[in-house]
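Chain and residue survey
Residues per chain are reported as follows:
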Amino acid sequence: MKISGRDVGDGHPVFVVAEIGQNHQGSLEVAKRMIVKAKELGADCVKFQKSCLTAKFTRNALRKPYSGANSWGSTYGEHKAFLEFSLEDYKELQQFCAEQDILFSASAMDPVSLQQLLELRVPFIKIGSGDADNVPMLRTAAAATTIPLIVSTGMQSWSQVQNIHAIIKAHPSAALLHCISAYPTPPEQALLNLVPLYKRRFPELVVGYSGHELGLQLSVASVLAGARIVERHFTLDKSWKGTDHRASLDPEEFGRLVRYVRAVEGMNVEGERIVEVLSSVLEARDFNGEELALALRLVSGEDRKLLASEEACHRKLGKSLVFAGDFEKGHTLKEEDVAVKVSDPHGLSPTLYDQIVGRTVGRDCRQDEPICGEDVAGSFG
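Keep in mind the model is a prediction, meaning the values are calculated, not measured. (Residues numbered from 1 in each chain as written. Predicted model: local features only at pLDDT ≥ 70, side-chain atom pairs only at ≥ 80, totals over all residues. Heavy atoms only, no water.)

1. Focus: the nonpolar core
Using the following cut-off: Nonpolar cores were defined as sets of buried Ala, Val, Leu, Ile, Met, Phe, Trp, Tyr and Cys residues, with membership established by side-chain atoms within 4.5 Å. Whether a residue is buried, partly exposed or exposed follows from its accessible area with a 1.4 Å probe, protein chains only, as a fraction of its type maximum: under 20%, in between, or over 50%, in that order. The contact rule is simple, with two residues in contact once any of their heavy atoms fall within 4.5 Å.
In terms of nonpolar packing, the biggest core is built from 84 residues, with Phe48 and Phe254 touching the most fellow members. Not counting residues within four places of it along the chain, the set of residues in contact with Phe254 comprises Val16, Val17, Ala18, Leu41, Ala43, Arg232, Phe234 and Leu249. Counting residues in hydrophobic clusters, the runner-up holds 15 residues, among them Leu321, Phe327, Leu348 and Tyr353.

Written out as structure tokens, the structure is:
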């Protein structure tokens, strides 16, 4: 695949993404400082997260009380609004990145944000793990543009990973990232050998790794295992307020990561040889052979499922099918009647989208209510 004219894939340099996400603390000034530092450290791209809150969350989810050391507001909606940049802010950051000669992109966290990023003509569209089961949005992203498309696979079952492949494989420039949505990811659940498995099973796609573990060695190991895109969360200070900082890399760590990746990206090793290579490449403070062996245990597709370490993220940010409007009992649901949002409480999985469209509702229902099995006629296969 090509990203802004750069070849990404086997035989080419690894594409390194500094995931700023919302570690900017809601400040454009901080975001710009992070961009400058990421460029200095050798990142190829900085990536943010773009959300339209009413398109991503139901009203109940936004109203939910949200307190604690990491909260920026009394409700979850106020918290997220504080951290969300406007479209004009994104245009300013995009221009700033151009001036710094580093690529700028963002994860599309909902259909509205996807369209906004397409209009910004970002160098690639990222679909994060929270939307990896969002069937209608995946289809829109795959069909709407030839802009490169990158999809993470955290919290997904093997059957859903296969479904993602079926949706995006015809896209002219697409990538699949192995990812575990646990902050931080325990080494024994890192499942790094899904990287070569994805490469064997999905040869049309570039395969990469989006890591949330503590330290550097698993991300470097993913490159030896075949990852051609490496994405890690980036922060200027791990002690800052926010839930992502702990599993992020500070500038010193990110600089070492880039140096290690460049040292191994041309190597082709597998299995136990990965541990041997990394023992000679990594500094002692970044190497732990026991943890590395756990992360590199043999796996099959069936090992890619919602893991115990991912359950907290899924409870908080996993999406559900919800009603997109008010409907009376007996209404037959059309595609535009079914939305996918973070819902409180949860409803049916977005993977059931095709099974829900065309069914009749068994009760009067209201916009943003989660769709549950008892709300629609018929059984699910």
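From this point on, the discussion continues.
2. Regarding the pairing of strand 10 (residues 229-233)
We apply this condition: Think of it this way: any DSSP run of H or I at least four residues long counts as a helix, any run of E at least two long counts as a strand, and we number them from the N terminus. Being paired, for any two strands, means DSSP has found at least two bridges between them.
Among the five residues in strand 10, five count as buried, and that is most of the element. Residues Ile229, Glu231 and His233 of strand 10 are buried on one face, and the alternating residues Val230 and Arg232, pointing to the opposite face, are buried as well. Sheet topology places strand 3 (residues 15-21) next to strand 10; five bridges connect them, and they run parallel. Looking across to strand 10, one finds that Glu19 is bridged to His233. Taken together, the three bridges between strand 9 (residues 206-211) and strand 10 define a ladder with parallel strand orientation. Bridge pairing in strand 10 links Gly211 to Arg232.

3. Description of unusual backbone geometry
Geometrically, the link from Tyr183 to Pro184 is a cis peptide bond, its omega value of 5 degrees lying close to zero. In this structure, Pro345 follows Asp344 across a cis peptide bond, with omega equal to 5 degrees. Here Pro345 is to be found in the loop between strand 12 (338-342) and helix 15 (353-356). In this structure, Gln25 is a non-glycine residue whose phi angle is positive, near 65 degrees. Along the polypeptide, Gln25 turns up in the loop between strand 3 and helix 1 (28-41). Despite not being glycine, Leu191 shows a phi value in the positive range, around 50 degrees. Tracing the chain through its elements places Leu191 in the loop between strand 8 (174-179) and helix 9 (194-201).

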